[in-house]
Amino acid sequence: AQQTPTADQLVKGKNPKLIVLSQRPVVLETPYDLLVSQPERTSKEILFIRNNVDLPGYNTVEGASLDGWKVEVTGLVDKPFTFEAKELLALPQSEVTMVLQCSGNGRTLYNPRPSGNPWKRGGMGNVTFRGVKLKTLLESKGVKLSEKALYITAHASRQGGAPEFVRSVPIHALENALLALSMNGEPLPAVHGGPVRLVFPGYFGVNNVKWVEKIEFAEAENTTAEQMPRYRVPVIPNTHLPFLPQEPGSRYPYSFTNSRPNWLVNVNSFIFAPLEGQTVEGPYVRVEGVAFNDGIVPIVSVEVSTNGGRTWQKAELATQGKTFSWVRWRATLYLRPGSHEVMARAWDAAGRSQPLDGNLAWNERGYEWNGVMGVKFTVA
Ligand code: MSS
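Note that the coordinates shown come from a computational prediction; the quantities given were computed from them, not determined experimentally. (Residues numbered from 1 in each chain as written. Predicted model: local features only at pLDDT ≥ 70, side-chain atom pairs only at ≥ 80, totals over all residues. Heavy atoms only, no water.)

A. Expanded view of the nonpolar core. Leu-179 and Trp-329 are the most contacted members of the largest nonpolar core, which totals 80 residues. Sort the elements by how many residues they give to this core and strand 18 (residues 284–292) lands first, with five residues. Excluding residues within four positions of it along the chain, Leu-179 makes contact with Phe-83, Leu-88, Arg-130, Gly-131, Val-132, Leu-134, Leu-137, Val-196, Arg-197, Leu-198, Val-212 and Ile-215. Ranked by size, the runner-up nonpolar core spans 16 residues in total, among them Leu-100, Cys-102, Phe-129 and Val-199. (Core = buried A, V, L, I, M, F, W, Y, C linked by side-chain atoms within 4.5 Å. Buried < 20%, exposed > 50% of the residue type's maximum accessible area, 1.4 Å probe, protein only. Helix = DSSP H or I, 4+ residues; strand = E, 2+ residues; numbered from the N terminus. Contact = heavy atoms within 4.5 Å.)

Structure representation (structure tokens):
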């Protein structure tokens, strides 16, 4: 049999238990039991990796040198400029704890299975980024945006012959955009975008461009493949439907007008305990997990059900208020010995929740799964 390299052989410093979904570009999933073992914050050793484009020499969890790293700021600004990454150290620093989640997380739950990396639920983590807000940098340079600037387009470095990786987000994202230099209190791991990554709290993973080299203010979305047709879902333009349901298995003619990018993270919740297939002591059973949304309004409740969604019981939230971080929750159930299935769903202050049948959002690339999660377990 052929030896496939383990995660730590592909990326120095990663936990060898991470699941290798792809070697080149490197894509590593966090096994679910490992993810739930760190319910506050996900460490660099176990955080998932999704590269569309690898940056040669950056496959390590160690930091990358700021020396000589330059970033260009251009497009619809009155004074385009280039800054040295090192200059950021002298500016006021900001910190944000946020969910970093691949828009393909949960893809294998769609039926039929869409194309793309076969993520289960381990394509996400909760991490703390620290660095300089893009707004702060612009202010420090006295740079003003044109009114025509409707999008922020970030370009990744192409050093070592890397193909391009470009993403656009709406100008509203400037509010919280952060040029991250560190993660979880340590230099930003090279494999997670060090020395400088442009992160957009509340936005799906794909928008958080690693190894950022150019930031462009633009009138329109960028036209490279990562913006169209990839990383989008079907919609009816100018309506309030979050997505346009598709016949599972069908094809869709993606265009800028009949689809939208994977931007804001949708409401989601995950059960961290019990785990699928576990046997636990009864009759009082502690159920716990995390919930999150795009951070624009707070998560206001998480409910659990043990009868397939007929009735729901409120869980307790560990924290209240708007946040880009995931929120921990727990509930205590009274259950008889035997087999059970517990389901969880979150609600936010805007009334947004999760579909009982996640397959409703089936799309051919399998993005943005947020169907209610169920866990089957046994009470001893
Ligand atoms: N960046 C760059 N430069 N490149 C690539 O490839 N990818 C994306 C982001 N960014 C990329 C970037 C994706 S797609 C994701 S998820 C993310 O990243 C991840 O992260 P980490 O750090 O974890 O790896 Mo899906 O939506």
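Now that the structure is up, let's keep going.
B. Layout of the environment of Arg-336. You can see Arg-336 is positioned in the loop between strand 22 (327–334) and strand 23 (338–348). What makes Arg-336 exposed here is its relative accessible area of 59%. Sequence separation of Arg-336 and Gly-282 is 54 residues, and the distance between their C-alpha atoms is 6.9 Å.

C. Main features of the sheet that holds strand 18. Across the sheet, four strands lie side by side as 16-18-22-21; this open sheet has antiparallel pairing. Since the sheet does not close on itself, it has two edges, and those belong to strand 16 (268–273) and strand 21 (316–317), each with one partner. As paired elements, strand 21 and strand 22 share two bridges and run antiparallel to each other. Residue pairing across strands places Leu-317 opposite Trp-329, the latter belonging to strand 22. (Pairing = 2+ DSSP bridges.)

D. Up close: empty space enclosed by the protein. Overall, the coordinates contain three cavities of 30 Å³ or more when judged by the stated rule. As a volume, the largest cavity reaches approximately 260 Å³. Arg-50, Asn-51, Phe-165, Arg-197 and Lys-210 are, among the 22 residues lining the largest cavity, the residues nearest its centre. Residue classes in the lining of the largest cavity are distributed as 12 nonpolar, six polar and four charged. One number sums up the size of the second largest cavity: a volume of about 50 Å³. Residue lining of the second largest cavity: Gln-101, Asn-105, Gly-106, Leu-109, Arg-121, Asn-268, Ser-269, Phe-270, Trp-369, Gly-371 and Met-373, and that is the complete set. (1 Å grid on protein atoms, 1.4 Å probe; cavity = no way out; pocket = protein on both sides within 12 Å on 5 of 7 lines; lining within 4 Å. Points joined across faces, edges and corners; volume = space filled by probe spheres on them. Nonpolar A, V, L, I, M, F, W, Y, C, P; charged D, E, K, R; others polar.)

E. Summary view of the packing of aromatic side chains. Inspection of the entire model under this criterion finds 13 aromatic pairs. On the numbers, 5.2 Å between centres and 25° between planes, the contact of Tyr-231 with Tyr-367 is stacked. Of this pair, Tyr-231 sits in the loop between strand 13 (212–218) and strand 14 (232–234) while Tyr-367 sits in the loop between strand 23 and strand 24 (373–379), and the two are 136 residues apart along the sequence. Comparing Tyr-231 with Tyr-367, the two get one shared label, buried. The structure contains a cluster of three or more aromatic residues connected by ring pairs, namely Tyr-32, Phe-272 and Trp-326. Above the face of the Trp-312 ring, Arg-345 is positioned so that its terminal group lies 4.0 Å from the ring centre. Sitting over the face of the ring of Tyr-254, Arg-365 holds its NZ or CZ atom 5.1 Å from the ring centroid. (Phe/Tyr/Trp six-rings, centres within 6.5 Å; stacked < 30°, edge-to-face > 60°. Lys NZ or Arg CZ within 6 Å of the ring centre and 35° of its normal.)

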